Amino acid sequence: MGIVYEMNHPLIKHKLTFIRDKNTGSKEFRELVKEVSMLMAYEVTRDLPLEEIKIETPVSSTNSDIISGKKLGIVPILRAGLGMVEGMLNLLPAAKVGHVGLYRDPKTLEPVEYYCKLPKDIEERDLIVLDPMLATGGSAKAAIRFLKEKGATAVKLVCLIAAPEGIKVVQDAHPDVDIYVAAVDKKLNEHAYIVPGLGDAGDRLFGTK
Ligand code: PRP
Ligand code: URA
């Protein structure tokens, strides 16, 4: 079963409060989402392998650690996942970025892929899937399934806010995937919005609606 890591760092909690606040406008919302994503990148990469290299300091020669050539891929789920890309890339500048676009068919309510462009070698990469909201879990479950169908072997999911229902859906469908969240909220409402949540992440990021 994948592990759920709920961040409890004071900086993340503080920033998340203002992300949730309905009086926070799009510009500040985007900046805060970027900052929290950058802080989350720190935790998501905690298990990256290291290797020692020999360097010269101004005082002596020494062996010192560098990250050992691990290939990473960042995959935002369109559209709201885009808001988390820049923060992640700030800490992981060598990562390649793939995109997966999904919409929910109004009749079947099944997620349908409308866009998918991924790095060629995704089977060799540790993929970090980004979506601010894990509500019913339908989008994340489908996106991870598409990635696996295209060859992905190592996937982590990073969300700002998750509902317990969505966590369970992803854990049941993808027991190999660890989930990193800034907060686990109480529940979903009758419109499948997370309560208390932050509202519609895509609309708040891009000023639509
Ligand atoms: C939001 C959010 C997730 C999805 C979560 O996207 O960014 O992708 O809802 O809901 P789920 O867990 O019930 O699938 P939305 O479908 O509103 O599209 P958008 O990002 O284009 O706004
Ligand atoms: N998508 C959002 O953007 N917000 C929610 O609360 C649920 C799904």
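Right, let's walk through the structure included here.

### What to know about the side chain of Arg125
- By the element assignment, Arg125 lies in the loop between strand S7 (111-117) and strand S8 (126-130).
- Using a relative accessible area of 7% as the deciding quantity, one classes Arg125 as buried.
- A polar contact is formed between the side chain of Arg125 and the backbone oxygen of Leu72, at a distance of 2.9 Å.
- Leave out the neighbours within four places in its chain, and Arg125 touches Lys71, Leu72, Gly73, Lys96, Pro119 and Ala154.

### Things to note about the packing of aromatic side chains
- Under the criterion given, the structure shown has 2 aromatic pairs.
- Taken together, a centroid distance of 4.6 Å and an interplanar angle of 15 degrees make the contact between Tyr5 and Tyr180 stacked. Here Tyr180 lies in strand S11 (residues 178-184) and Tyr5 lies in strand S1 (residues 4-6), a separation of 175 residues in the sequence.
- Between Arg145 and the ring centre of Phe146, over which it is positioned, the NZ or CZ distance is 5.5 Å.

### Brief notes about the side chain of Thr24
- Here Thr24 is to be found in the loop between helix H1 (10-20) and helix H2 (26-44).
- In terms of polar contacts, Thr24 uses its side chain to reach the backbone carbonyl oxygen of Phe18, at 2.6 Å.
- Leave out the neighbours within four places in its chain, and Thr24 touches Phe18, Phe29, Leu32 and Arg204.

### Side note on the site of ligand 1
- Taken together, 14 residues lie around ligand 1, and Asp131, Ala135, Thr136, Gly137 and Ser139 are the ones closest in.
- Contact distances for ligand 1 include 2.5 Å between an oxygen atom and a side-chain N or O atom of Asp131.
- With respect to ligand 1, the side chain of Thr136 contributes an N or O atom lying 2.5 Å from an oxygen atom.
- Structurally, ligand 1 is housed in the largest pocket.

### Looking at the site of ligand 2
- What surrounds ligand 2 is the set Met133, Ala135, Ala192, Tyr193, Ile194, Gly199, Asp200 and Ala201.
- Take Gly199: an N or O atom from its main chain is 2.8 Å from a nitrogen atom of ligand 2.
- Here the residues of the shell around ligand 2 sort into 6 nonpolar, 1 polar and 1 charged.

### Observations regarding the pattern of salt bridges
- With the rule as written, the count across this model stands at 15 salt bridges.
- The salt bridge involving Glu35 is made with Lys15; its shortest N-O contact spans 2.8 Å. You can see Glu35 sitting in helix H2 and its partner Lys15 sitting in helix H1, a full 20 residues away along the chain.
- Classification of Glu35 as partly exposed rests on a relative accessible area of 28%.
- Between Asp172 and Lys168 there is a salt bridge, and its shortest N-O distance comes to 2.6 Å. Of this pair, Asp172 and Lys168 both sit in helix H5 (residues 164-173), 4 residues apart, which is roughly one turn of that helix.
- Linked through salt bridges whose partners overlap, the residues forming this network are Lys71, Asp121, Glu124 and Arg125.

### A word on the environment of Glu110
- If you trace the backbone, Glu110 turns up in the loop between strand S6 (99-104) and S7.
- Taking relative accessible area as the criterion, Glu110 reaches 47% and is therefore assigned partly exposed.
- Separated by 32 residues in sequence, Glu110 and Ala142 place their C-alpha atoms 8.8 Å apart.
- Residues in contact with Glu110, not counting those within four places in the same chain, are Tyr103, Arg104 and Asp105.

### With respect to the pairing of S7
- In this sheet, S7 lies alongside S6 in antiparallel orientation, the contact comprising 6 bridges. Across the sheet, Leu102 pairs through a bridge with Glu113, a residue of S7.
- Joining the antiparallel neighbours S6 and S7 is a turn of 6 residues, in which Leu109 adopts a positive phi near 65 degrees.

Rules of the game
- Residues numbered from 1 in each chain as written.
- Chains lettered and ligands numbered in written order.
- Predicted model: local features only at pLDDT ≥ 70, side-chain atom pairs only at ≥ 80, totals over all residues.
- Heavy atoms only, no water.
- Helix = DSSP H or I, 4+ residues; strand = E, 2+ residues; numbered from the N terminus.
- Buried < 20%, exposed > 50% of the residue type's maximum accessible area, 1.4 Å probe, protein only.
- Polar contact = N/O pair within 3.5 Å; in protein donor to acceptor, adjacent residues only side chain to side chain.
- Contact = heavy atoms within 4.5 Å.
- Phe/Tyr/Trp six-rings, centres within 6.5 Å; stacked < 30°, edge-to-face > 60°.
- Lys NZ or Arg CZ within 6 Å of the ring centre and 35° of its normal.
- Near = heavy atom within 4 Å.
- 1 Å grid on protein atoms, 1.4 Å probe; cavity = no way out; pocket = protein on both sides within 12 Å on 5 of 7 lines; lining within 4 Å.
- Sits in = over half its atoms within 2 Å of the grid points.
- Nonpolar A, V, L, I, M, F, W, Y, C, P; charged D, E, K, R; others polar.
- Salt bridge = Lys/Arg side-chain N within 4 Å of Asp/Glu carboxyl O.
- Pairing = 2+ DSSP bridges.

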